[in-house]
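Remarks on the overall topology
Now for the letters of each chain:
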Amino acid sequence: MSSTLKLDRNSIGRMSTISESVEVGLRFIGMWPNCTYANINWWTYILSVAIMQYFQYSYILQHFDISDLSVTIDGLSITLGYSLSLLKLINLWFNRRKLYVILDAMDKDWTDGIAVDSDISMMIRHANLSRQLSNAMIMTNALAVFFYTIGGPILRSMIYKNEETKRELPIKMEFPFNVDNSPVFELVLVAQLFHDLSVACIIAMLNSLLVTLVLHVSGQIDIMLQGFLEISAKKHARSSLATIKILINRHQRIIDLAENIEDLFSNVALLQFIWNTLVICCIGFLLVISIGTEEGATVITKSLIFYVAIALEAFVFCYAGEYLSAKSKSISDAAYECFWYDLTPSESRILMFLMLRAQKRLTITAGKITDLSLEGFTTIMKSSASYISVLCAFY
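Predicted model, so just to flag it, every value in this text is computed and none were measured.

**Digging into the UniProt feature "transmembrane region" (unreviewed entry) in the protein**
- Following the UniProt record, one finds the feature "transmembrane region" (unreviewed entry) at residues 36–55, 75–94, 133–155, 197–217, 273–292 and 304–324.
- With 100% helix and 0% strand, residues 75–94 has end C-alpha atoms that lie 29 Å from one another.
- What you have in residues 197–217 is 100% helix and 0% strand, and the ends, taken at the C-alpha atoms, are 30 Å apart.

Structure representation (C-alpha cells):
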C-alpha cells in the first residue's frame with residue numbers, strides 16, 4: 001500500500017465517515033449504539049429542553065401584545081428554534097433503530113473497502129470532507145449563540161455605558177421568581193448561555209449527520225462508477241460478469257442505505273421547511289425594523305449570525321437532497337458509457353437492468369411530499385421574504 005494512503009489513514013484517525021464531533025454529540029444525547037447510560041443521557045437532556053420551552057412560551061403568552069410586534073417576535077424567533085430542536089430530537093429518538101442500521105451498514109462498507117486501495121482512498125477523502133464540514137457547521141452555530149447571548153448585551157453596555165439600563169436576559173423567559181437581582185441574574189444568564197450552546201451544537205451535529213450520510217453514499221457511488229471501468233473483456237482478465245454482479249450488489253446496498261436515510265430524515269425535513277420559514281421570517285423582520293433605530297446595532301449584532309445559521313441549516317438539507325439526486329443519476333450515465341459493447345448478450349441484458357433501476361433517482365423528501373432541492377430552498381427564502389413584507393406593512 002502506498003505511503004500516501006497510509007498518511008491519509010493516519011490523518012483521519014479511524015476508519016469511519018462519522019467525524020469525532022458528530023459521534024461525541026450522539027453519545028451526549030444517548031443516541032450512539034451501545035452508549036453507556038443512553039436512556040439517562042437522553043431523558044436528562046430532553047427534559048432540560050422541555051423546561052426551557054415552558055419558560056419561553058410562558059414569556060410569549062405573558063407579554064403578547066399585537067401593538068408591539070417587535071417584542072413578541074423577538075421572543076418567538078428563538079422559541080421556535082428551540083421547538084424545532086425539540087421535535088428533531090424526538091423524531092431521532094423514535095427512529096434510533098433506523099440510525100443504528102445505517103451506522104452498521106457504513107461500518108460494513110468500510111470493512112469491505114479496506115481490501116481495495118482505490119476504494120479506501122476514495123472513502124477517506126469523503127470522510128475528511130465530512131469532518132471539515134461538520135466542524136464548520138458546529139462552529140457557525142456556536143458563533144451564532146455567542147453573538148446572540150453575549151454580543152448583544154456587551155454592545156448595549158458599551159453604547160449606554162453612562163446610563164443605567166434594565167438588564168435583560170438574551171433568551172426571553174418568564175420565571176416564577178425574580179431574576180433581576182444579583183447573583184440570580186448572572187446564574188440564569190450563564191445557564192442560558194451553556195444550554196443554548198449545547199442545543200445549537202446538537203442541532204448542528206444532526207445537520208452534519210445528514211451531510212455525513214449523503215457523503216458516504218456519494219463515496220459508494222464513486223466506487224461504483226470506478227467499477228464500471230473494469231467492464232471490458234478485452235482489457236481486463238477479470239470476468240466482466242463477476243464485476244457486474246459486484247456492481248449490482250453494491251448498487252442494492254446504496255439503494256437500501258439511501259432509503260434508510262430518507263426514512264430517518266423525511267419528517268425532520270418537513271419540520272425544517274415549516275419552522276425555518278417562520279424563524280427566518282421573524283429574524284428578518286427584527287433586522288428590517290431595527291435599521292436606523294437606537295437599538296439597531298445591538299439587534300443586528302445579536303441576530304445577523306443567527307439569521308445566517310438558520311438559513312444555512314435550511315440550505316444544508318436542500319443541498320444534500322439535490323446532491324444525492326444528481327449523484328445517483330450519474331450511475332446510469334456511467335453504465336451507458338462503459339464498454340458494454342465488449343460484453344456478451346446475456347451480460348449486456350444484466351447491465352441494462354442495472355441501468356433501468358439507476359434511472360430512478362435517490363432522493364430525500366420533506367414528509368414524502370416534495371423532494372429536497374435547491375428550488376425548495378429558494379421557496380423557503382421567498383416565502384420568508386413575503387411574510388416579512390406583510391409584517392412590516394402591518395407594523
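**Details of the nonpolar core**
- Residues Phe-228, Ile-261 and Phe-265 are the most contacted members of the largest nonpolar core, which totals 91 residues.
- Ranked by residue count, the leading element in this core is helix α8 (residues 240–290), at 19 residues.
- Setting aside its immediate chain neighbours within four residues, Phe-265 contacts Leu-206, Leu-209, Leu-210, Leu-213, Phe-317 and Thr-365.
- Counting residues in each nonpolar core, the second largest holds 7 residues, with Ile-120, Met-122, Met-123 and Ile-223 among its members.

**Remarks on unusual backbone geometry**
- The residue after Ser-182, namely Pro-183, is reached through a cis peptide bond having omega 0°.
- The backbone of Tyr-37 shows a phi angle near 55°, a positive value even though the residue is not glycine.
- Within the fold, Tyr-37 resides in the loop between α2 (20–28) and α3 (38–63).
- Not every positive phi belongs to a glycine, and Lys-368 is a case in point at roughly 65°.

**Some words on the packing of aromatic side chains**
- Per the counting criterion, the structure on display carries 11 aromatic pairs.
- An angle of 20° between the planes, with centres 5.6 Å apart, marks the rings of Phe-315 and Tyr-319 as stacked. Pair noted here: Phe-315 and Tyr-319 are both in helix α9 (residues 296–337), with a separation of 4 residues, about one helical turn.
- Look at Tyr-319 and you get partly exposed, because its relative accessible area is 40%.
- Pairing Tyr-319 with Tyr-323 gives two aromatic rings, centres 6.2 Å apart and planes at 20°, and the pair type is stacked.

**Concerning the environment of Gln-56**
- Secondary-structure assignment places Gln-56 in helix α3.
- Classification of Gln-56 as buried rests on a relative accessible area of 0%.
- In the structure, Gln-56 is positioned 117 residues away from Met-173 in sequence and 4.5 Å away in space, judged by C-alpha atoms.
- Reaching out from Gln-56, the side chain makes a polar contact with the side chain of Gln-53 at a distance of 2.8 Å.

**What about the confidence of the model for the protein?**
- For the protein, per-residue confidence averages 82 on the pLDDT scale, and residues scoring 70 or more make up 87% of the total.
- Averaged pLDDT values over the elements of the protein bottom out at 42 in helix α1 (residues 3–12) and peak at 91 in α2.
- Segment residues 1–13 is flagged for pLDDT under 50; beyond a separation of four residues in sequence, or across chains, it makes 21 contacts in the model.
- Counted against residues more than four places away or in other chains, residues 233–237, with its pLDDT under 50, gives 6 contacts.

**What to know about empty space enclosed by the protein**
- In this structure the tally under the stated criterion is 9 cavities of 30 Å³ or more.
- Its boundaries defined by the atoms lining it, the largest cavity holds a volume of some 250 Å³.
- Looking at the largest cavity, it is lined by 19 residues, and the ones nearest its centre are Ser-85, Asn-141, Ala-200, Phe-306 and Ile-310.
- When residues of the lining of the largest cavity are traced back to their parent elements, those giving at least two are α4 (69–94), α6 (117–159), α7 (184–228), α8 and α9.
- A per-element tally of the lining of the largest cavity places α4 first, with 5 residues.
- Of the residues in the lining of the largest cavity, the class split is 13 nonpolar, 4 polar and 2 charged.

**Points about the layout of surface pockets**
- Reported here for the second largest pocket is a volume of approximately 310 Å³.
- Together, 15 residues line the second largest pocket, and Leu-133, Val-211, Leu-215, Val-316 and Tyr-319 are the ones closest to its centre.
- At the level of elements, α6, α7 and α9 are the ones that each hand at least two residues to the lining of the second largest pocket.

About the criteria used
Residues numbered from 1 in each chain as written. Predicted model: local features only at pLDDT ≥ 70, side-chain atom pairs only at ≥ 80, totals over all residues. Heavy atoms only, no water. UniProt positions renumbered as here; feature names shortened; annotations may be inferred. Helix = DSSP H or I, 4+ residues; strand = E, 2+ residues; numbered from the N terminus. Core = buried A, V, L, I, M, F, W, Y, C linked by side-chain atoms within 4.5 Å. Buried < 20%, exposed > 50% of the residue type's maximum accessible area, 1.4 Å probe, protein only. Contact = heavy atoms within 4.5 Å. Phe/Tyr/Trp six-rings, centres within 6.5 Å; stacked < 30°, edge-to-face > 60°. Polar contact = N/O pair within 3.5 Å; in protein donor to acceptor, adjacent residues only side chain to side chain. pLDDT = per-residue confidence, 0-100. 1 Å grid on protein atoms, 1.4 Å probe; cavity = no way out; pocket = protein on both sides within 12 Å on 5 of 7 lines; lining within 4 Å. Points joined across faces, edges and corners; volume = space filled by probe spheres on them. Nonpolar A, V, L, I, M, F, W, Y, C, P; charged D, E, K, R; others polar.

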